[in-house]
Amino acid sequence: MRIQYNFAFLDEGSKREIRRATLKAIAIPGYQVPFASRELPIGRGWGTGGLQLTLSLIGKSDVLKVIDQGSDESVNAVSIKKLIDKTTGVPATDATEAATLIQSRHRIPEVPLRTGQLLVLQVPMPEPLRMYEPSELETKRLHGEKDYSGAWLMLFEQIMKYRSVSTGADHPVMVNDRYVMAPSPIPKFDNPKMNYSEALILLGAGREKKIYAVPPYTQVVSLAFEDVPFEPESFPGHSCRQCGAEDVFMDELYDSEKEETYYQCNDTSYCLQRMNAQPLV
Amino acid sequence: MGQISSPIMSVRQLNKQFGKGCEQCSNSDNRKLERNYCRACGTVYSCQNLSFDLYPGEVLGIVGESGSGKSTLMRSLYFDQEVTTGEAYLQPYKEGAVNLFQESSQQQKYIRNHLMGKVYQNPVLGLRMGFSSIGNIAEKMIAAGNRNVAAMEARGSELLDQVHIPVYRMKEAPKKFSGGMQQRVQIAKALSNNPPILLLDEVTTGLDLSVQANVLDLIKHLQRELKISMLLVSHDLGVIRMLADRTMVMLDGRVVEQGLTDQILEDPQHAYTQQLVHSLL
């Protein structure tokens, strides 16, 4: 028996509720809007927040791209693409420029996003103050009063312990000079891409039941101290072994046969595109 | 001092009740209470019409048995809880022209972080036990708008040195410290922004005698060197005798007697004070 699912899996009532929360999130940049997270055929904590955003927003004319930690072809990305394809028939692409809707886990693509594109990020921990204050009631109050000493205190603690800011990912940002926001575990390298982004960025946390957003052309500043400035990852002197790119976010890999480390673009579609453009030797 | 100075803090008609009150107890002039408790409706009147002044550089002692409203008064003054009715004025804040209890919670946070310091009886309330000691001290400075790591670290280690905690242990969490050390970290934290007013709530209760002496010595020193005004709550008359210039005696939420400490200890007027002084070992 073949079950006839509604277009984009979710029923229309659910989609409408999620869209409403999304509109509110866009209206208050960086503010976490609660929503009734739905059951999905994937487990909570595996991208259900992002998936619900994608499913509520996707239309028949969209072109979809799904990235999992920079890769278009990992299991999670492929499963999500299959689910969306089976319930909507919307074509998927790997090319960032061709996509209108991009769901991503923990990366912002290397190709700059443009007006009209929509980036959906999956979020495990939407509350930037959670490690400082376990109570949701209290953190809501802290956001309301714009009391973000906790966010700075956590950075201060890292500096005391390790002599530098040690957040590799999910480095807190101040959105529109009002709300401190967890940018989801994107590397610090991607934080500056959020600042005055041309594309709309939506963040969804399915397990924590929160939706928040960075509208286009919104100021996003990474938190930093006067004497310890914000420093994104850099890879001085290294280039991608496959495509030769520099100034991109790279994975450090180890070749056990040659016993050496090498670097490779983390964004696989970007790397592939560059290689295809290069003349054959 | 010598010359007559105006009070740094004035409290007028402070009331704090827990419960709604009823016909029998809502009129403060002729309420029928059993101690501070209304048998008819179960309302507790913790603070009733408290009025007093605190002068610059003075230590005002507050004694009374447990349940007399000392800690409730302190919590109200530090905005840990809302008062039912009442006024408080702080000379350094808007020239003492504004009732602090009427200010927004953001302004109250400002006052807490810039103009006051509090040391709780239980260090768990005043410190984040899992964060480093230096981080705990920095928290108050961050809250007051400091964003310079080096400056905060320097000030923090200076304070820890002042309260006799070895600076090489500053990165350890207070949960690893003894009770007396935790209390001293709290004092260092309370002092971090050079507040003109310090609220001390049973700071030596539960500490053994040698540590008590140590902490008292420190407070005495702070008062002499830094000329900080202090409100000192204790049920230990020995502590009051050593530190307080003036003393208020509280019973069932009311001030039953106030005056110079020596006067109160040598010539108590109120029956309760007499009993209290005579039960001194």
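Predicted model only: the values in this text are computed from it and were never measured.

About the criteria used
Residues numbered from 1 in each chain as written. Chains lettered and ligands numbered in written order. Predicted model: local features only at pLDDT ≥ 70, side-chain atom pairs only at ≥ 80, totals over all residues. Heavy atoms only, no water. Helix = DSSP H or I, 4+ residues; strand = E, 2+ residues; numbered from the N terminus. Rg over C-alpha atoms; globule rule 2.2 N^0.38 Å. Contact = heavy atoms within 4.5 Å. Lys, Arg positive; Asp, Glu negative; His and termini not counted. Charge placed at Lys NZ, Arg CZ, Asp CG, Glu CD. Salt bridge = Lys/Arg side-chain N within 4 Å of Asp/Glu carboxyl O. Buried < 20%, exposed > 50% of the residue type's maximum accessible area, 1.4 Å probe, protein only. pLDDT = per-residue confidence, 0-100. Pairing = 2+ DSSP bridges. Axes fitted to C-alpha atoms, helices over the stretch in contact; angles between N-to-C directions. Parallel < 35°, antiparallel > 145°, perpendicular 65-115°, else oblique. Left-handed = near helix turned anticlockwise from the far one by under 90°. Nonpolar A, V, L, I, M, F, W, Y, C, P; charged D, E, K, R; others polar. Buried area = accessible area lost by both parts, 1.4 Å probe. Polar contact = N/O pair within 3.5 Å; in protein donor to acceptor, adjacent residues only side chain to side chain. Domains from an automatic or database assignment.

### Brief notes about the overall build of chain A
A tally of helices and strands in chain A yields seven helices and eleven strands. A compact globule built from 281 residues would reach a C-alpha radius of gyration of about 19 Å, and chain A, at 19 Å, matches this within 12%. Considering only intrachain contacts with a sequence separation of at least 6, the fraction spanning at least 24 residues in chain A is 59%. Seen as two clouds, the 31 positive and the 37 negative side-chain charges of chain A have centres 9 Å apart.

### A short note on the pattern of salt bridges
Two side chains that carry opposite charge are able to pair once their charged atoms sit near each other. Taken as a whole and assessed by the stated rule, the structure comprises 30 salt bridges over all chains. Its salt-bridge partner being Glu110 of chain A, residue Arg107 of chain A comes within 2.9 Å of it at the nearest N-O pair. Relative accessible area serves as the criterion here: at 13%, Glu110 of chain A is assigned to the buried category. In this structure, the salt-bridge partner of Lys109 of chain B is Asp147 of chain A, at a minimum N-O distance of 3.0 Å. With one member in each of two chains, Lys109 of chain B in helix α2 (residues 105-115) and Asp147 of chain A in the loop between α4 (136-144) and α5 (149-162) form a pair that bridges those chains. Lys109 of chain B gets classed as partly exposed once you look at its relative accessible area, which sits at 22%.

### What to know about the confidence of the model for chain B
Counting all residues, the mean pLDDT for chain B is 90, and 98% of those residues have values of 70 or more. Here helix α7 (residues 209-226) of chain B is the element of chain B with the lowest mean pLDDT, 84, and helix α4 (residues 133-143) of chain B is the one with the highest, 95.

### A few points about the pairing of strand β7 (residues 200-205) of chain A
Where a strand is regular, its side chains alternate between the two sheet faces. Residues and elements named next belong to chain A. Of all six residues in β7, six are buried; the element is thus mostly enclosed. Bridge analysis of strand β4 (residues 118-122) against β7 gives five bridges, and the strand direction is parallel. The residue of β7 that forms the bridge with Leu119 is Ile201. Bridge count between β7 and strand β8 (residues 210-214): five bridges; the pairing is antiparallel. By the bridge assignment, Ala205 is partnered in β8 with Lys210. Between β7 and β8, which pair antiparallel and follow one another directly, the connecting turn spans four residues, one of which, Lys209, has a positive phi of 60 degrees.

### Some words on the sheet that holds strand β2 (residues 44-54) of chain B
Residue and element names in this part refer to chain B. Read from one edge to the other, the open sheet built from three strands follows the order β2-β1-β4, with strand pairing classed as antiparallel. Whereas interior strands pair on both sides, the edge strands pair on one side only; in this sheet they are β2 and β4 (85-90). Within this sheet the neighbouring strands show an average axis-to-axis angle of 15 degrees, counted without direction. As defined by bridge partners, strand β1 (residues 9-18) adjoins β2 across seven bridges and the pair is classed as antiparallel. Pairing of Met9 across the sheet is with Leu54, part of β2. The strands touched by helix α1 (residues 70-77) within the sheet are β1 and β2, with β1 carrying the most contacts at an inclination of about 115 degrees.

### Looking at the sheet that holds strand β3 (residues 59-63) of chain B
Residue and element names in this part refer to chain B. Reading across from one edge, β5-β6-β7-β3-β8-β9 is the order of the six strands in this open sheet, with mixed pairing throughout. Of all the strands in the sheet, the pair left with one neighbour each is β5 (116-119) and β9 (254-260). Averaged over all pairs of adjacent strands, the angle between their axes in this sheet comes to 15 degrees, without regard to strand direction. Two strands pair when backbone bridges link them, and strand β8 (residues 246-251) and β9 are joined in this way by six bridges, in the antiparallel orientation. Bridge pairing in β9 links Arg246 to Leu260. Against the sheet, α1 engages β3, β5, β6 (197-201), β7 (229-233) and β8, with an angle of about 145 degrees to β6. Here helix α6 (residues 179-191) sits on the sheet and contacts β5 and β6; the angle it forms with β5, its principal contact strand, is near 170 degrees.

### Some thoughts on unusual backbone geometry
Residues and elements named next belong to chain A. Even without glycine at this site, Gln69 takes up a positive phi of about 50 degrees. When you line up the elements, Gln69 lands in the loop between β2 (64-68) and α3 (75-88). Unlike most non-glycine residues, Glu259 shows phi in positive territory, near 50 degrees. Along the polypeptide, Glu259 turns up in the loop between β10 (250-255) and β11 (260-265).

### Regarding the packing of α6 of chain B against α7 of chain B
Residue and element names in this part refer to chain B. At a minimum axis separation of 10 Å, α6 and α7 run at an interaxial angle of 15 degrees. In this view, α6 runs roughly parallel relative to α7, as classed from their interaxial angle. In the packing of α6 onto α7, the handedness of the crossing is right-handed. Mapping the contact onto sequence places Gly180, Arg184, Ile187 and Leu191 in α6 and Val211, Val215, Leu218, Ile219 and Leu222 in α7. The residue makeup of the contact of α6 with α7, split by class, is seven nonpolar, one polar and one charged.

### Describing the packing of α4 of chain B against helix α5 (residues 149-162) of chain B
Residues and elements named next belong to chain B. In the contact formed by α4 and α5, the axes pass within 9 Å of each other and the chain directions differ by 120 degrees. Judged on the interaxial angle alone, α5 and α4 are oblique. For the crossing formed where α4 meets α5, the hand is right-handed. Counted together, Ile134, Ile137, Ala138, Met141 and Ile142 of α4 and Met152, Glu153, Arg155, Gly156, Ser157, Leu159 and Leu160 of α5 form the full contact between these two elements. The residue makeup of the contact of α4 with α5, split by class, is eight nonpolar, two polar and two charged.

### Quick look at the interface of chain A and chain B
Listed as interface residues are 20 residues of chain A and, on the opposing side, 19 residues of chain B. Taken over both partners, the interface formed by chain A and chain B buries close to 1,900 Å², and the fraction arising from carbon and sulfur atoms is 58%. Considering only the surface of chain A that becomes buried against chain B, Glu145, Phe156 and Met160 of chain A emerge as the three largest contributors, covering 30% of it. For the interface between chain A and chain B, the tally reads three salt bridges. Notably, a salt bridge pairs Glu153 of chain B with Arg163 of chain A, separated by 3.0 Å at the nearest N-O pair. Here chain A and chain B share 13 residue pairs in polar contact (both at pLDDT 80 or more) between them. Residue contributions to the side of chain A that touches chain B peak at eight residues, all from α5 of chain A. Split by residue class, the side of chain A that touches chain B holds eleven nonpolar, one polar and eight charged.

### Let's talk about the domain arrangement of chain A
Residues and elements named next belong to chain A. According to the domain assignment, chain A contains domain 1 (12-130 + 169-220) and domain 2 (234-281). On a C-alpha basis, the centroid separation for the pair domain 1 and domain 2 is 26 Å. Summing both partners gives a buried area of about 960 Å² for domain 1 against domain 2, and 51% of it is carried by carbon and sulfur. Between the two partners, domain 1 and domain 2, sit zero salt bridges.

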